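Per-entry structural report
Residue strings, one per chain:
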Amino acid sequence: MSTRDYLEKNYYEALGVAKDADADTIKKAYRKLARKHHPDANAGDAAAEEKFKEVSEAYDVLSDEDKRREYDEMRAYGAAGFSGGGPGGHAGPFGAGSPFGAGSYQSVNLDDLFGDSGLGATLGGLFGGRGATGRRARKGADLDAEVTVGFRDAVDGTVLPLRVSTDGPCQTCGGTGAKPGTSPHTCSSCNGSGQSVREQGGFGFAEACRACHGRGVVVDEPCPACRGIGVGQQTRTVQVRLPAGVKDGARIRVKGKGGGGQAGGPPGDLFVTVHVRRHPVFGRKGDNLTLTVPVTFPEAALGANVSVPTLDGDPVTVKIPAGTPSGRTLRVRGRGFRRGDASRGDLLVTVDVAVPQRIDGGAKDALQAYRDATADHDPRIDLIANAAKE
Ligand SMILES: [Zn+2]
Ligand SMILES: [Zn+2]
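Small disclaimer: the values here were computed from a predicted structure and weren't measured.

With that out of the way, let us pick up the coordination of the zinc ion (ligand 2). Those protein atoms acting as donors to the zinc ion (ligand 2) are Cys187 (SG), Cys190 (SG), Cys209 (SG) and Cys212 (SG), and they sit at 2.2 to 2.3 Å. Coordination geometry of the zinc ion (ligand 2): the 4 donor atoms subtend angles of 102 to 115 degrees at the metal centre, consistent with an arrangement described as tetrahedral. Mapped onto the sequence, the donors of the zinc ion (ligand 2) take the spacing C-x2-C-x18-C-x2-C. Cysteine 190 matches cysteine 187 in its accessibility class, with the two residues each being buried.

This is the structure in structure tokens:
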């Protein structure tokens, strides 16, 4: 690959994604296209192989933050900017001997296509990359999942069974890619090594065997379930433990429950984003539990002891001091969310003076008498004056 390739090729177009697509979108687009055009699923189809190379090359660049930035810069500034030491003007990653130097199969990052499958071990590598460089132990892919729990589960903590789907060896063929009852046989072109050597400029380049795409084995009749790719979906159940007091939006890491590692590498992790449903009465502010409590005007004006619910079951009595304005928040210590250190947040009770919709009879008489008795108190006395100040 040359800088010219960078200028001429539109990797975003190749993957069918927008220029500002995020990593996840790019990965998904690549996986979909890579499967569709996979040489093993399109035996002898040169156009598919070409397309597969194209999307692999595009993904190789766009999935790597540094390469993508250089690619974007180069396309923005043009070749002059690139060779002239402008932004992105260091040729390092693209020179000979780079991962792009020889056959593009070498740079195909199959971990993203078969990341969770452990297929590297099963198949001996699908392409030359593995055959040429040897298999390295690789950590499995991290997986993302989301769960929604009730408010009370978030308060107390809970254990949730979570169904997780990952790529794994096809169940029908056991990952060999061969139709059940048949088995792959050793590639006669490369005698099973998966690679051939190409001479160029006095150097020998190892590249993927074209007959077997570097697998070292050839499948005569592809497995109908996986179309010869050897990959299928596997679903398993992971028990996810949510700690007491887990917050809405929290991201819980479940170590080792992601995709399987390759060639003896450790498995990836599962990251679970937690959504907490709203409670009809309680709310949350940090470690504090919030609650709005309606009180009558006499309770607020004269003071009262009112009973309010808590999350623990037993209501608590809150003392409303005489002269409490509507909207004031009172604190009940230690009745909020549990913290990691076994201490607890508080219950924040906000007083809301309730005004009756209808009032008549003796209550109306009393209220009119109250109005007359307080006629010389005007709560808006400063309002007009203060409004005129600015
Ligand atoms: Zn299969
Ligand atoms: Zn071969």
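Turning to the sheet that holds strand β1 (residues 143–149), a few remarks are in order. Pairing within the open sheet is mixed, and its 3 strands lie in the order β1-β9-β8. Two strands bound the open sheet, and with one partner strand each, they are β1 and β8 (251–254). Along the sheet, successive strands turn relative to each other by an average axial angle of 30 degrees, direction set aside. Inspection of the sheet shows β1 paired to strand β9 (residues 270–276) by 7 bridges, in the parallel sense. Counted as the bridge partner of threonine 148 is histidine 275 from β9.

Under the defined criterion, the tally for this structure stands at 3 aromatic pairs. Measuring from ring centre to ring centre gives 4.0 Å for tyrosine 30 and tyrosine 59, while their planes differ by 5 degrees; the resulting arrangement is stacked. Note that tyrosine 30 is positioned in helix α3 (residues 23–37) and tyrosine 59 in helix α4 (residues 46–62), a separation of 29 residues in sequence. Comparing tyrosine 30 with tyrosine 59 shows no difference in burial state: the two are buried. With a centroid separation of 6.0 Å and an interplanar angle of 70 degrees, the aromatic rings of phenylalanine 151 and phenylalanine 337 are classed as edge-to-face. Remark: phenylalanine 337 occurs in the loop between β14 (329–332) and β15 (347–353) and phenylalanine 151 occurs in helix α9 (residues 151–156); sequence separation between them is 186 residues. When its relative accessible area of 1% is taken as the criterion, phenylalanine 337 is described as buried.

A few words now on a nonpolar patch on the surface. Side chains of Phe297, Ile359, Leu367 and Tyr370 sit close together on the surface and give an oily, nonpolar patch of about 370 Å² of accessible area. The class for tyrosine 370 is partly exposed, based on a relative accessible area of 42%.

As a further point, take the coordination of the zinc ion (ligand 1). For the zinc ion (ligand 1), the full set of protein donor atoms is Cys170 (SG), Cys173 (SG), Cys223 (SG) and Cys226 (SG), and the range of their distances to it is 2.3 Å. Its 4 donor atoms give the zinc ion (ligand 1) angles of 103 to 115 degrees at the centre, a pattern that matches the tetrahedral case. Within one chain, the residues serving as donors to the zinc ion (ligand 1) are arranged as C-x2-C-x49-C-x2-C. Accessibility expressed as a relative area gives 4% for cysteine 170, which makes it buried.

Pairing within the open sheet is mixed, and its 4 strands lie in the order β10-β11-β15-β14. Each end of this open sheet is capped by a strand with a single partner; those strands are β10 (282–285) and β14. On average, adjacent strands in this sheet sit at an angle of 35 degrees to one another, irrespective of strand direction. Sheet topology places strand β11 (residues 288–295) next to β15; 7 bridges connect them, and they run parallel. Residue pairing across strands places proline 294 opposite aspartate 352, the latter belonging to β15.

Pairing between β14 and β15: 4 bridges, direction antiparallel. Looking at the pairing, valine 332 lines up with leucine 347 of β15.

With 15 residues, α3 extends 21 Å from end C-alpha to end C-alpha; this agrees with the ideal 21 Å at 1.5 Å per step. When α3 is considered as a whole, its buried residues turn out to be Ile26, Ala29, Tyr30, Arg31, Leu33, Ala34 and His37.

Counting residues in each nonpolar core, the largest one holds 39 residues, and the members touching the most others are Leu242, Leu270, Val308, Val318 and Leu347. For leucine 347, the residues in contact, after removing those within four places along its chain, are Phe282, Leu289, Leu291, Val308, Pro309, Thr310, Val316, Leu330, Arg331, Val332, Arg335 and Gly336. With 18 residues, the next largest nonpolar core counts Tyr11, Ile26, Ala34 and Tyr59 among its residues.

This paragraph deals with the pattern of salt bridges. With the rule as written, the count across this model stands at 17 salt bridges. Residues lysine 51 and glutamate 54 are paired through a salt bridge, measuring 3.8 Å at the closest nitrogen-oxygen approach. Remark: glutamate 54 and lysine 51 occur in helix α4; sequence separation between them is 3 residues, near one turn of the helix. Owing to a relative accessible area of 26%, lysine 51 belongs among the partly exposed residues under this scheme. Relative accessible area serves as the criterion here: at 39%, glutamate 54 is assigned to the partly exposed category. Of the charged contacts, one joins lysine 139 and aspartate 269 as a salt bridge, the two residues approaching to 3.9 Å between their closest N and O atoms. With lysine 139 in the loop between α8 (128–133) and β1 and aspartate 269 in the loop between β8 and β9, this pair connects stretches of sequence that are 130 residues apart. When its relative accessible area of 3% is taken as the criterion, aspartate 269 is described as buried. Here the salt bridges share partners, and the residues they tie into one network are Lys139, Asp142, Arg253 and Asp269.

Reading the values: the criteria
- Residues numbered from 1 in each chain as written.
- Chains lettered and ligands numbered in written order.
- Predicted model: local features only at pLDDT ≥ 70, side-chain atom pairs only at ≥ 80, totals over all residues.
- Heavy atoms only, no water.
- Donors = N, O, S within 2.8 Å, 3.2 Å for Na, K, Ca; no water.
- Tetrahedral: all angles 85-135°; square planar, octahedral: opposite > 155°, others 65-115°.
- Buried < 20%, exposed > 50% of the residue type's maximum accessible area, 1.4 Å probe, protein only.
- Pairing = 2+ DSSP bridges.
- Helix = DSSP H or I, 4+ residues; strand = E, 2+ residues; numbered from the N terminus.
- Axes fitted to C-alpha atoms, helices over the stretch in contact; angles between N-to-C directions.
- Phe/Tyr/Trp six-rings, centres within 6.5 Å; stacked < 30°, edge-to-face > 60°.
- Patch = residues over 30% accessible without salt bridge, like charges linked within 9 Å, V, L, I, M, F, W, Y side chains within 5 Å.
- Areas by Shrake-Rupley, 256 points an atom, 1.4 Å probe, with all protein chains shown as cover.
- Salt bridge = Lys/Arg side-chain N within 4 Å of Asp/Glu carboxyl O.
- Expected span 1.5 Å × (residues − 1).
- Core = buried A, V, L, I, M, F, W, Y, C linked by side-chain atoms within 4.5 Å.
- Contact = heavy atoms within 4.5 Å.

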